[in-house]
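Residues per chain are reported as follows:
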Amino acid sequence: MTTIITRLYKDRKTADGVASQLADAGFRARDYDVIDSSGGHVAERLSATRVPSRSAEAYAGPIEAGNALVVVRAEFNPRGAALVAREIVDGTEWLEAGVAKQDVYVRVEPQLEMQLS
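Residues numbered from 1 in each chain as written. Predicted model: local features only at pLDDT ≥ 70, side-chain atom pairs only at ≥ 80, totals over all residues. Heavy atoms only, no water.

### Side note on the pattern of salt bridges
Side chains that carry opposite charge are capable of pairing whenever their charged atoms lie near each other.
Phase 1: Scanning the entire structure with this criterion turns up nine salt bridges.
Phase 2: Of the charged contacts in the structure, one is a salt bridge between Glu75 and Arg28, with a shortest N-O distance of 3.7 Å. Taken as a pair, Glu75 in strand E3 (residues 68-75) and Arg28 in the loop between helix H1 (12-24) and strand E2 (32-35) lie far apart in primary sequence, 47 residues in all.
Phase 3: The partly exposed category is assigned to Arg28, whose relative accessible area is 35%.
Phase 4: With its nearest N and O atoms 3.8 Å apart, the salt bridge here joins Asp36 to Arg45.
Phase 5: Sharing partners across several salt bridges, the network here consists of Arg7, Arg86, Asp90 and Asp103. (Salt bridge = Lys/Arg side-chain N within 4 Å of Asp/Glu carboxyl O. Helix = DSSP H or I, 4+ residues; strand = E, 2+ residues; numbered from the N terminus. Buried < 20%, exposed > 50% of the residue type's maximum accessible area, 1.4 Å probe, protein only.)

### A word on unusual backbone geometry
Phase 1: Despite not being glycine, His41 shows a phi value in the positive range, around 50 degrees.
Phase 2: For His41, the location among the structural elements is in the loop between E2 and helix H2 (42-48).
Phase 3: In this structure His41 comes out as exposed when scored by relative accessible area, which is 54%.
Phase 4: Although it is not a glycine, Arg50 sits at a positive phi angle of roughly 75 degrees.

### Thoughts on helix H4 (residues 81-90)
Phase 1: Listed in full, the buried residues belonging to H4 are Ala81, Ala82, Ala85, Ile88 and Val89. The buried residues of H4 occupy an angular sector of 125 degrees when the element is viewed end-on, so they sit on one face. (Arc of directions from axis to C-beta.)

### Points about the nonpolar core
Phase 1: Counting 18 residues, the largest nonpolar core has Ile5, Val18, Leu22, Phe27, Val70, Val72 and Val89 as the members making the most contacts within it.
Phase 2: Counting only elements with at least two residues in this core, the list comes to strand E1 (2-9), H1, E2, E3 and H4.
Phase 3: Top element by residues in this core is H4. It accounts for five residues.
Phase 4: Leave out the neighbours within four places in its chain, and Val89 touches Ile5, Arg7, Tyr9, Val18, Val70, Val72 and Trp94. (Core = buried A, V, L, I, M, F, W, Y, C linked by side-chain atoms within 4.5 Å. Contact = heavy atoms within 4.5 Å.)

### Observations regarding the packing of aromatic side chains
Phase 1: Enumeration according to the criterion identifies zero aromatic pairs in this entry.
Phase 2: For the cation-ring pair, Arg7 lies above Trp94, with the distance from its terminal atom to the ring centre recorded as 5.4 Å. (Phe/Tyr/Trp six-rings, centres within 6.5 Å; stacked < 30°, edge-to-face > 60°. Lys NZ or Arg CZ within 6 Å of the ring centre and 35° of its normal.)

### Observations concerning the sheet that holds strand E4 (residues 103-106)
Phase 1: Read from one edge of the open sheet, four strands run E2-E3-E1-E4, paired in antiparallel fashion. Single-partner strands in this sheet number two, and they are E2 and E4. The average undirected angle you get between the axes of adjacent strands in this sheet is 20 degrees.
Phase 2: Bridge count for E2 against E3 is four bridges, and the pairing is antiparallel. Residue pairing in the sheet places Tyr32 in a bridge with Val72 of E3.
Phase 3: Together, E1, E2 and E3 form the strand contacts of helix H3 (residues 53-64), whose direction differs from that of E1 by roughly 35 degrees. (Pairing = 2+ DSSP bridges. Axes fitted to C-alpha atoms, helices over the stretch in contact; angles between N-to-C directions.)

### Focus on the environment of Arg107
Phase 1: Within the secondary structure layout, Arg107 lies in the segment after E4.
Phase 2: For Arg107, a relative accessible area of 66% gives the class exposed.
Phase 3: Taking the C-alpha atoms as reference, Arg107 lies 8.8 Å from Thr3; in sequence the two are 104 residues apart.
Phase 4: Residues within four places of Arg107 in sequence aside, it is in contact with Met1 and Arg50.

Structural data, given as structure tokens:
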């Protein structure tokens, strides 16, 4: 299981500050993303980070208007990673975007080919 945690912040600088806190807490760069309007293709980038489509629709407008989104993929192991991530993302003032579930659980299929060597 992986918990996808999303929070919208007023700008890229604020979101980058949250990302730095995640890194300081031991989260790997592949465990989180900061998405803003730079680089275009906001909807595609949200999909690539596993943000549910309904949430992505709600976030797209605010992101294109200058806000920035932090997306954390907190895996089941190490235990408590999602709790730590939530404490970090909630420790900085975030914006309401009308998203019903900012924390969603997704099933992760094991990659057996990697374990057969």
